[in-house]
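# Commentary on secondary and tertiary structure
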Amino acid sequence: MNQRGTKRIKRGTKRTMNDRLRPVGVMDSGVGGISVLKKAVEIMPYEDFIYYGDSANAPYGTRTTEDIKDHTFLVAEKLRAMGIKALCVACNTATAAAIKDLRAAYRDMPVIGIEPAVKPAALSTRGGTIIVMATPMTIRQNKFNDLLRTYDKDARIIPLPCEGLMEMVENWSDDKAPLMEYLDMKLKPVLRDDTETIVLGCTHYPFIKRELREYLGDRDIALIDGSEGTARQIRRRLIEEGLLNEEDRTGTVTILNSSDDPKMIDISRKLFDMEIQD
Ligand code: DGL
């Protein structure tokens with residue numbers, strides 16, 4: 001750092017104190033990305049975050065790739081207009097469909113995506129089966145199929161498209177009976193004695209971990225998701241770009257949603273405050 005408080009990063013771009021004080025944008029098709037936001041705030045409490053859930057256009061997982069790209073860009077533009085210094089696409093579906101184009105369009109800021117945590121699951125396999133729960137769109141994308149091809153030599157991996165599951169988190173209800181029925185309908189046909197891991201490949205799913213654990217009972221199955229890895233990647237990219245806020249301060253968290261139903265902000269806050277069990 002030089003005397004004026006500016007930092008030079010590898011590409012010669014100067015970063016000022018003002019750049020570092022700008023917020024980090026986190027987006028999702030709805031409220032699911034709050035699972036990533038929570039980890040990011042835990043790891044970087046000194047940063048300001050703006051979360052944007054596109055619930056008015058959710059789910060993304062049943063749209064075409066082009067349509068998802070369009071919606072993702074619209075949200076990204078809104079966040080850029082609010083002065084973000086980095087963008088986290090906290091949505092597996094939007095990442096699979098749009099991350100390449102976003103990175104090409106926004107070369108002036110780090111763009112961090114999320115993908116189903118197949119890699120850590122496969123690398124720590126004990127020789128059993130891994131189930132990957134994700135939206136139908138994530139599972140259809142080349143990006144996901146490349147990921148499977150890379151790791152299916154190391155482990156037996158079963159992709160499980162979960163149409164309708166993110167909606168159960170979006171329309172949060174304390175009556176968990178429909179959710180338990182859904183889990184039974186989806187998991188019963190694929191669960192095997194050797195199932196060792198379930199990858200939660202959609203950012204909405206960590207919010208149903210408690211019910212998933214209850215459904216699985218005393219089976220020894222690890223539930224893993226990419227939220228912590230993604231939050232750490234945000235931090236790494238901010239450091240690389242000279243954008244990490246090094247002030248001793250407590251940051252702010254602003255939660256926005258495209259839906260005009262005020263209940264979406266209430267649900268978002270509830271999820272933000274909710275403890276997610278391991
Ligand atoms: N949270 C999104 C994901 O991680 C849900 C996608 C959707 O809207 O269907 O994939």
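Provided above is the structure to which this section pertains.
These notes cover the structure that comes with them. (Residues numbered from 1 in each chain as written. Predicted model: local features only at pLDDT ≥ 70, side-chain atom pairs only at ≥ 80, totals over all residues. Heavy atoms only, no water.)

## Points about the overall build of the protein chain
A tally of helices and strands in the protein chain yields twelve helices and eleven strands. Taken over C-alpha atoms, the radius of gyration comes to 19 Å for the protein chain, in line with the 19 Å a tight globule of 278 residues would show. Each of the three principal axes of the protein chain carries a C-alpha extent, and together these read 60 × 45 × 35 Å. Considering the protein chain as a whole, with its 278 residues, one finds that 53% of them fall into the buried category. Expressed as a percentage of contacts within the protein chain between residues at least 6 apart in sequence, the contacts between residues at least 24 apart total 79%. (Helix = DSSP H or I, 4+ residues; strand = E, 2+ residues; numbered from the N terminus. Rg over C-alpha atoms; globule rule 2.2 N^0.38 Å. Buried < 20%, exposed > 50% of the residue type's maximum accessible area, 1.4 Å probe, protein only. Contact = heavy atoms within 4.5 Å.)

## Side note on helix α2 (residues 34–43)
In terms of burial, α2 is largely enclosed, as eight of its ten residues are buried. Buried within α2 we find Ile34, Ser35, Val36, Leu37, Lys38, Ala40, Val41 and Ile43. On its buried side, α2 packs onto β3 (24–28), β4 (49–53), β5 (86–89), α11 (227–240), β11 (253–257) and α12 (263–273).

## Brief notes about the layout of surface pockets
In this structure, the largest pocket spans a volume of roughly 740 Å³. For the lining of the largest pocket, the leading source of residues is α11, giving seven residues. The residue makeup of the lining of the largest pocket, split by class, is eleven nonpolar, eight polar and 13 charged. (1 Å grid on protein atoms, 1.4 Å probe; cavity = no way out; pocket = protein on both sides within 12 Å on 5 of 7 lines; lining within 4 Å. Points joined across faces, edges and corners; volume = space filled by probe spheres on them. Nonpolar A, V, L, I, M, F, W, Y, C, P; charged D, E, K, R; others polar.)

## Topic: the state of the cysteines
Considering all chains together, one arrives at zero disulfides under this definition. Looking at Cys91, it has no disulfide partner, and the nearest cysteine sulfur is the one in Cys202, 6.7 Å off. Take Cys91: its relative accessible area is 3%, and that puts it in the buried class. Lacking any disulfide linkage, Cys162 is separated from the closest cysteine sulfur, that of Cys202, by 8.6 Å. (Disulfide = S-S within 2.5 Å.)

## With respect to the side chain of Asp48
For Asp48, the location among the structural elements is in the loop between α2 and β4. Given the relative accessible area of 13%, Asp48 is considered buried.

## Some details on helix α3 (residues 65–81)
In a regular helix each residue adds 1.5 Å, so 17 residues correspond to 24 Å; α3 covers 24 Å between its end C-alpha atoms and thus fits that length. Listed in full, the buried residues belonging to α3 are Ile68, Lys69, His71, Thr72, Val75, Ala76 and Leu79. Contacts from the buried residues of α3 go to β3, β4, β5, α4 (92–105) and α6 (136–140). At the exit of α3 stands Gly83, carrying a positive phi of roughly 85°. (Expected span 1.5 Å × (residues − 1).)

## With respect to the environment of Asp67
In this structure, Asp67 sits in helix α3. The exposure class of Asp67 is partly exposed, given its relative accessible area of 26%. The spatial distance from the C-alpha of Asp67 to the C-alpha of Glu42 is 33 Å, given a sequence separation of 25 residues. At 2.9 Å, the side chain of Asp67 and the side chain of Arg63 are in polar contact. (Polar contact = N/O pair within 3.5 Å; in protein donor to acceptor, adjacent residues only side chain to side chain.)

## Remarks on the site of the ligand
Lining the immediate environment of the ligand, one finds 13 residues, of which Ser29, Tyr60, Thr93, Thr203 and His204 sit closest. Take His204: an N or O atom from its side chain is 2.8 Å from a nitrogen atom of the ligand. The fraction of the free accessible surface of the ligand (290 Å²) that becomes covered by protein chains is 99%. Here the shell around the ligand is built from residues that sort into five nonpolar, seven polar and one charged. (Near = heavy atom within 4 Å. Areas by Shrake-Rupley, 256 points an atom, 1.4 Å probe, with all protein chains shown as cover.)

## Some details on the pairing of β5
Burial along β5 is two-sided: Ala86 and Cys88 and Leu87 and Val89, pointing in opposite directions, are all buried. Note that β3 and β5 share four bridges and pair parallel. When the bridges of β5 are listed, Val24 appears paired with Ala86. Handedness of the crossover is the feature at issue here: the chain leaves β5, passes through α4, returns alongside strand β6 (residues 111–112), and the resulting connection is right-handed. (Pairing = 2+ DSSP bridges. Right-handed = clockwise from strand over helix to strand, strands pointing away.)

## Notes on the sheet that holds strand β7 (residues 129–134)
Each strand in a sheet pairs with its neighbour through backbone hydrogen bonds, running either in the same direction (parallel) or in the opposite one (antiparallel). Across the sheet, which stays open at both edges, the four strands sit in the order β8-β7-β9-β10 with parallel pairing between neighbours. Whereas interior strands pair on both sides, the edge strands pair on one side only; in this sheet they are β8 (156–161) and β10 (222–225). Pairwise comparison of adjacent strand axes, ignoring direction, gives a mean angle of 25° for this sheet. Relative to β8, β7 runs parallel, the two sharing six bridges. If you follow Ala134 over to β8, its bridge partner there is Pro161. Its contacts with the sheet place helix α10 (residues 209–216) against β7, β9 (195–200) and β10, and it is angled at close to 155° to β10. (Axes fitted to C-alpha atoms, helices over the stretch in contact; angles between N-to-C directions.)

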